[in-house]
Structure formats: C-alpha cells, structure tokens
Amino acid sequence: MNHKVIIEPFRIKTVEKIKMTTESERKKLIEKAKYNTFLLSAEDVIIDLLTDSGTSAMSADQWAGILKGDESYAGARSWYKMKEAVQNMTGYEFILPTHQGRAAEHLLYGRLGGKGKVFISNTHFDTTRANIEFSGAIAIDCPIPEGLIPDLDYPFKGNMDVKALEDNILKYGKENIAAVILTVTNNSGGGQPASLQNAKEVGEICKKYGILYILDSCRVAENAYFIKQREEQAKDMTYLEIAQKMFSYADGTVMSAKKDALVNMGGFLALKDEKLFESLMTTLIITEGFATYGGLSGRDMEAIAIGLKEVFEHDYLHYRITSTTYLGERLKDMGVSVISPIGGHAVYVDAKAFYPQIPVEQFPGQALAIELYKMGGIRAVEIGSVMFGSKDGNGNFVPAKMELVRMAIPRRVYTQSHIDYVVEVFAELIKHKDKVKGYKIVWEPPFLRHFTAHFEPVG
Ligand SMILES: *Cc1c(COP(=O)(O)O)cnc(C)c1O
C-alpha cells in the first residue's frame, strides 16, 4: 500500500510533558520576554521550532549506550567506538573529538587562518564565518545564483558556484586560500542540498591549485537523501555510500554531532593528513581535553557512534525529509510563500510576502514569529532584518536581503499531529493577517542583537 499519512518509524517509550498555555497567557508571556522569542522560557513553548541543533530525541539504543559509556580518561572503549564510526563514515583516518562543531572549527580554521588568508564556501555558516573572521582571515561565499532565488525550484540550490570559486582563487592567489569549505546541506541557504557532482568538481579545482578541501558535514545524511532522489548516478547507492563518496572527494571534515549524529552535544574534526592532525592535537589537549575524549564524556561518544549509524537508515531519513516537506507543502497550499523546494531540516516562510503592510524597518519576520507564539505557542526564529539588518554611513536603515521566519524541526521529537497543529495555527494567522502591525527595537546589544534585543509593538 502506498500510504499518504506519514507515520513515525518509531514507538514512544518515554514522554516529556508539554505545558499547555492559553492565548491570553501567551500574550503576557511574550510581552514579558520583550517580544523576543529567544527570551521566552522553553517551558512556556508548546512546539519549539527554534532550532534542530542539539534538540534530537535519542533512541533506546543510544540511551542504553549512555549506560555503557566508558568514562576512562585515556583510551576509553567509547572513544574507539566513536572513532570507528567516524572513520567508517568519512574514510578519514585521523579523528579529533570536540565538545561541539564550533570547537572543531576554531581548532582548524584558527590554525589555517590569520591575516591575509581567505576561505571560500558555498555559504559559511555563522559560527564558521565568526571563527574565520576572528582569526583575521576573510570568508567569501560562492553560492550558485539559483540558490539565491527563494521560490525557484532547482534540485541542488546548495551547490557551490565553481566558476566563482576558481575566479576567487585566481584573484586572491592560491597560496592565500586557507581552505575551501562545502557545507552540506547548506544551512544558511535554506537547508538546500549540494550534489555529488558539485562536491567532485569542487574537489578537482582544489586539487588543481593544491588547496585544502573541507566538508562541513553537519547534515550529510539529509543531503544524501536528496542526492539519492535527485541525482541519477546515485539512485542505486545507499545513503551511507553516497556520504562516503562525498567525503572521498575532500581532505577533511568538521561536524557538529548536534545535527545528524542524533545527539544533544558533541562534534569532531576528521582529516586525511597526519601532519595537520598532529599539529592540532596539542591545541586540542590544551583547549578541549585529552585526544581520546576532546570535550566529551564517554557516554556522549557512545551515543554519537550509535547515532551516526541510525541516521543513515532509510525509514528514518524518509520520515525526516517527508515530514519537513509536508509542513512546507501544506503552507504553500494555503498560499503562504516559503523557500522552495523545501530543505531538509527547516521550513522558511517569507514574512514580507505574508505581511505586506509591515515595512521592513518594522520587522515583518519578528511580527510573524510573535504571532506564531501568541496564537499557537509555537517558537520560531526571525532570519531577516533583526538578524542581518544594518545602518549605512548616514545612519539609514539597510534591510536584510530577505525577511524570513525559520521553523527548524527537531529530529524524532514531534509527531505528525504536532506538525498538523502548526499548519492549523497558520490557517488561523492567515485570517487575521491584515491587522498585524510591526515592531520597533527599544534596546539592543552591540553584537548579535537578535539573541537579546528588546522590542515593542509599533502604533
Ligand atoms: C550547527 C552548525 C555548526 C556549528 O556547530 P555547533 O555544534 O553548533 O557548534 C557549523 N556548521 C553548520 C553548517 C551548522 O549547522
């Protein structure tokens, strides 16, 4: 039978209570949180779609692994399990565990970067860019032009523009390029996949100029699902084989285990080159911990080893991607404008199209995030002018390229009825959308204002 209803390929063994709130309670709570969804207590949220990072539900096998975790300081059994799982997935021999993805980034990009150095990526994720710029180097994004058109249906909007890559290598000089980073899926570009063909072409260019090629592989399993669906050469490969092929083109990888390793904390750096590995190990020991645990407990490493296997199972990946797509497609059916095709881990709503009456300087994305909370207790995040807006030399407001609201889906956490509830809340928001007004910032910190800024309704 070809069923339409998406059923979760798991049963629920442990439950966590959701505190239900009323609309009038939520109106007070969001006012108290200065109209910033980051300042809400998680307890007061019904469906939390703030991020898919570190919010996964672990399996019974992973929890069993937690008890088996070996907490020995050096050479723990759990470390060997994690190392073997990472080696099996990547094909790289040299592995350094870290407490999360950005620690691996800091280690590698801190070493390779510095003043005068240049990194090139399809799109640098924000912690990636921050680590590169913190070292004094510069980070250049080279997404394909198709990736920047929100409603264009294109199978691999996460691809790197290889022509722009080569132009930049020639412009800055190959000796100044510290590394080329392919992020899969492209998080900042809407969770869109990059193709095997693209990963290969990027590798060929890096080889031609002798440049280090790194995969940011946080969502490599989700990316593999899209490749199997959309790329002819991969249709008979398993998801793991697709990932292995992708890794084979590169020289190393940085991964946040908080995404596709299905755990709540962890990360690693994996490399082909022994010299680079050895030179980073000393820094790892100084900053993170001994080389066989990084910043991780034995139990964390045990859970990562298991998660890296579970994430490539067909039933899991199929449910994961179809469930995210389902949410996006239902919203589209109701006339809500979303980034298409729907990416792997999140649905991005075009808030400027949803609330055309709200000028960009009054943050339509923030207004939508607030309405989602007030109406349904749903927490999402603005990715628009609150996050990326700026001022020019004359103090004039410069808006972000797009005014989006991101709803990221935690892995294995919410059921189909939770997703249907989100759709229902949107149907209600549509009825009242003409009356919604914008917001103004009444306090902001000097950096990363979206996390802590205070807002007030306009008018
Ligand atoms: C989450 C993420 C990181 C950083 O990982 P953390 O575990 O949050 O430190 C790096 N790159 C991408 C693409 C990510 O999504």
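Residues numbered from 1 in each chain as written. Predicted model: local features only at pLDDT ≥ 70, side-chain atom pairs only at ≥ 80, totals over all residues. Heavy atoms only, no water.

1. Examining the nonpolar core
Point 1. Of all hydrophobic cores here, the largest spans 68 residues; its most connected members are V180, Y213, F268 and L308.
Point 2. Shared between two domains, this core takes at least three residues from each, and those domains are domain 1 (23–52 + 313–457) and domain 2 (60–310).
Point 3. The contact partners of L308, leaving out residues within four places of it in the chain, are A85, V86, M89, M255, D260, A261 and F268.
Point 4. Counting 44 residues, the second largest nonpolar core, distinct from the first, contains V347, V349, Y355 and F455. (Core = buried A, V, L, I, M, F, W, Y, C linked by side-chain atoms within 4.5 Å. Buried < 20%, exposed > 50% of the residue type's maximum accessible area, 1.4 Å probe, protein only. Domains from an automatic or database assignment. Contact = heavy atoms within 4.5 Å.)

2. Details of the state of the cysteines
Each disulfide is one covalent bond, formed between the sulfur atoms of two cysteines.
Point 1. A full pass over the atoms with the stated rule returns zero disulfides.
Point 2. Here C142 is not cross-linked by a disulfide; its sulfur's nearest cysteine counterpart is in C206, at 11 Å.
Point 3. Residue C142 is classed as buried on the basis of its relative accessible area of 4%.
Point 4. Among the cysteines around C218, which has no disulfide bond, C206 carries the closest sulfur, lying 19 Å off.
Point 5. On the accessibility criterion, C218 (9% relative accessible area) is buried. (Disulfide = S-S within 2.5 Å.)

3. As for the pairing of strand β2 (residues 94–98)
Point 1. Across the five residues that make up β2, a large majority, five, are buried.
Point 2. Every second residue of β2 is oriented toward a common face, with F94, L96 and T98 on one face and I95 and P97 on the other, all of them buried.
Point 3. By the bridge criterion, five bridges tie β2 to strand β8 (residues 267–271) in an arrangement that is antiparallel. Within β8, the residue paired with P97 across the bridge is F268. (Helix = DSSP H or I, 4+ residues; strand = E, 2+ residues; numbered from the N terminus. Pairing = 2+ DSSP bridges.)

4. Some details on the domain arrangement of the protein
Point 1. For the protein, the assigned domains are domain 1 (23–52 + 313–457) and domain 2 (60–310).
Point 2. A separation of 28 Å is found between the C-alpha centroids of domain 1 and domain 2.
Point 3. On the domain 2 side, the residues contacting the 21 residues of domain 1 number 25 residues.
Point 4. Overall, the association of domain 1 and domain 2 removes approximately 2,100 Å² of surface from exposure, summing both partners, and the carbon and sulfur fraction of that is 53%.
Point 5. For the pair domain 1 and domain 2, the number of links is five salt bridges.
Point 6. E222 is the salt-bridge partner of R411, the closest N and O atoms lying 3.1 Å from each other.
Point 7. Summed over the shared surface of domain 1 and domain 2, the number is 13 residue pairs in polar contact (both at pLDDT 80 or more). (Buried area = accessible area lost by both parts, 1.4 Å probe. Salt bridge = Lys/Arg side-chain N within 4 Å of Asp/Glu carboxyl O. Polar contact = N/O pair within 3.5 Å; in protein donor to acceptor, adjacent residues only side chain to side chain.)

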